[in-house]
Amino acid sequence: MEKSENITWQATKVDKQQRQTRFGHKSAVLWFTGLSGSGKSTIAVELEKQLFERNINSYVLDGDNVRFGLNRNLGFSAEDRTENIRRIGEVSKLFVDAGTITLTAFISPYRADRDHVREILGDEEFIEVFVDTPIEVCEDRDVKHLYEKARRGEIKGFTGIDAPYETPNNPEITIDTSTQSLEASVQQIIDYLTSHGYICTAG
Ligand SMILES: Nc1ncnc2c1ncn2[C@@H]1O[C@H](COP(=O)(O)OS(=O)(=O)O)[C@@H](OP(=O)(O)O)[C@H]1O
Ligand SMILES: Nc1ncnc2c1ncn2[C@@H]1O[C@H](COP(=O)(O)OP(=O)(O)O)[C@@H](O)[C@H]1O
């Protein structure tokens, strides 16, 4: 995998700990995973807004958006999805080093790919948020009409239809948007961040 030789790690004079101290909160990745239409982006975007309002550095990396730029050369084969998640894992690590609470909204269907990101970040900085909305509900929403296309065979390898989704074994947070409101989901995550000492009650 490594193609670069003769490279040396450059140390910096400002570290993650100093940045966290200055910002007044810890940094970590909230790794949203779940089917298309499960609610990953909707929750991440609202949560980012609420964290921002509390003066917390936060940033959303969203599957669709990242595929317009950084990952525009990747498709939806198993190999490309793995590379997609590997890159986002590395980007997330940089954001966390920069002191930001990073929200990633990718289907990330393969357990091994998510576990790899957990490994490079460590348990404390990787918070897996399983958006466990039943496929029937996601398909019923079909915001982008992609399930419709997949059922008609116009999209091949669509997650949940003819491509796999491997559920997390031990997610830190589980949300089902078919039974809980957006507000309740966002509050559940804020409560987790507060009770685990990532952010302060007062923000
Ligand atoms: N074949 C196939 N399977 C699943 N999803 C598809 C596919 N083709 C396009 N799309 C659209 O791409 C979004 C998922 O991109 P991700 O980068 O999150 O996927 S992955 O993590 O690499 O599996 C996904 O967005 P979300 O609905 O936000 O999840 C879809 O809009
Ligand atoms: N309780 C809820 N939480 C989150 N989204 C919900 C909820 N109820 C309905 N929705 C709708 O479900 C859709 C989820 O789409 P999206 O957030 O793009 O999902 P994903 O990013 O997982 O593909 C949105 O249209 C959203 O308005």
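Residues numbered from 1 in each chain as written. Chains lettered and ligands numbered in written order. Predicted model: local features only at pLDDT ≥ 70, side-chain atom pairs only at ≥ 80, totals over all residues. Heavy atoms only, no water.

Caption draft 1: Structural view of the site of ligand 2. The immediate surroundings of ligand 2 are formed by 14 residues, with G37, K40, S41, T42 and Q180 found nearest. Contact distances for ligand 2 include 2.8 Å between an oxygen atom and a side-chain N or O atom of K40. Within the side chain of R141, one N or O atom sits 3.3 Å away from an oxygen atom of ligand 2. Coverage of ligand 2 by the protein amounts to 74% of the 570 Å² it exposes when considered alone. Counting residues per element, the shell around ligand 2 draws most heavily on helix α2 (residues 40-53), at three residues. When its residues are assigned to classes, the shell around ligand 2 shows three nonpolar, nine polar and two charged. (Near = heavy atom within 4 Å. Polar contact = N/O pair within 3.5 Å; in protein donor to acceptor, adjacent residues only side chain to side chain. Areas by Shrake-Rupley, 256 points an atom, 1.4 Å probe, with all protein chains shown as cover. Helix = DSSP H or I, 4+ residues; strand = E, 2+ residues; numbered from the N terminus. Nonpolar A, V, L, I, M, F, W, Y, C, P; charged D, E, K, R; others polar.)

Caption draft 2: Inspection of the packing of aromatic side chains at higher detail. Within this structure, the stated rule accounts for six aromatic pairs. For the ring pair Y147 and F158, a centre distance of 5.0 Å and an interplane angle of 75° mean the geometry is edge-to-face. Of this pair, Y147 sits in helix α7 (residues 146-151) while F158 sits in the loop between α7 and β5 (173-175), and the two are eleven residues apart along the sequence. Using a relative accessible area of 1% as the deciding quantity, one classes Y147 as buried. Put simply, the rings of W31, F106 and F126 touch in pairs and so form one group of aromatic residues. (Phe/Tyr/Trp six-rings, centres within 6.5 Å; stacked < 30°, edge-to-face > 60°. Buried < 20%, exposed > 50% of the residue type's maximum accessible area, 1.4 Å probe, protein only.)

Caption draft 3: Spatial organisation of the UniProt feature "domain: APS kinase" (unreviewed entry) in the chain. Taking the numbering used here, the UniProt-annotated feature "domain: APS kinase" (unreviewed entry) corresponds to residues 26-176. End C-alpha atoms of residues 26-176 are separated by 26 Å, and the span's content is 42% helix alongside 16% strand. (UniProt positions renumbered as here; feature names shortened; annotations may be inferred.)

Caption draft 4: Here's a closer look at the UniProt feature "binding site: ATP" (unreviewed entry) in the chain. Following the UniProt record, the feature "binding site: ATP" (unreviewed entry) maps to G34, L35, S36, G37, S38, G39, K40 and S41 here. By the element assignment, L35 lies in the loop between β1 (29-33) and α2. Look at L35 and you get buried, because its relative accessible area is 11%. Every residue in contact with L35, bar those within four places of it in the chain, is listed here: K40, T133, I135, C138, Y147, T159, G160 and Y165. As for its placement among the helices and strands, S38 is situated in the loop between β1 and α2. In this structure S38 touches V131, T133, C138, R141 and T177, once residues within four positions along its chain are discounted. (Contact = heavy atoms within 4.5 Å.)

Caption draft 5: Examining the environment of R114 more closely. Tracing the sequence through the fold places R114 in helix α5 (residues 111-121). Using a relative accessible area of 0% as the deciding quantity, one classes R114 as buried. With 63 residues separating them in the primary sequence, R114 and L51 have C-alpha atoms 24 Å apart. What R114 contacts, discounting residues up to four positions off in sequence, is W31, T33, S108, P109, F126, E128, Y165, E166, T167 and P168. Within polar-contact distance, the side chain of R114 engages the side chain of E128 at 2.8 Å.

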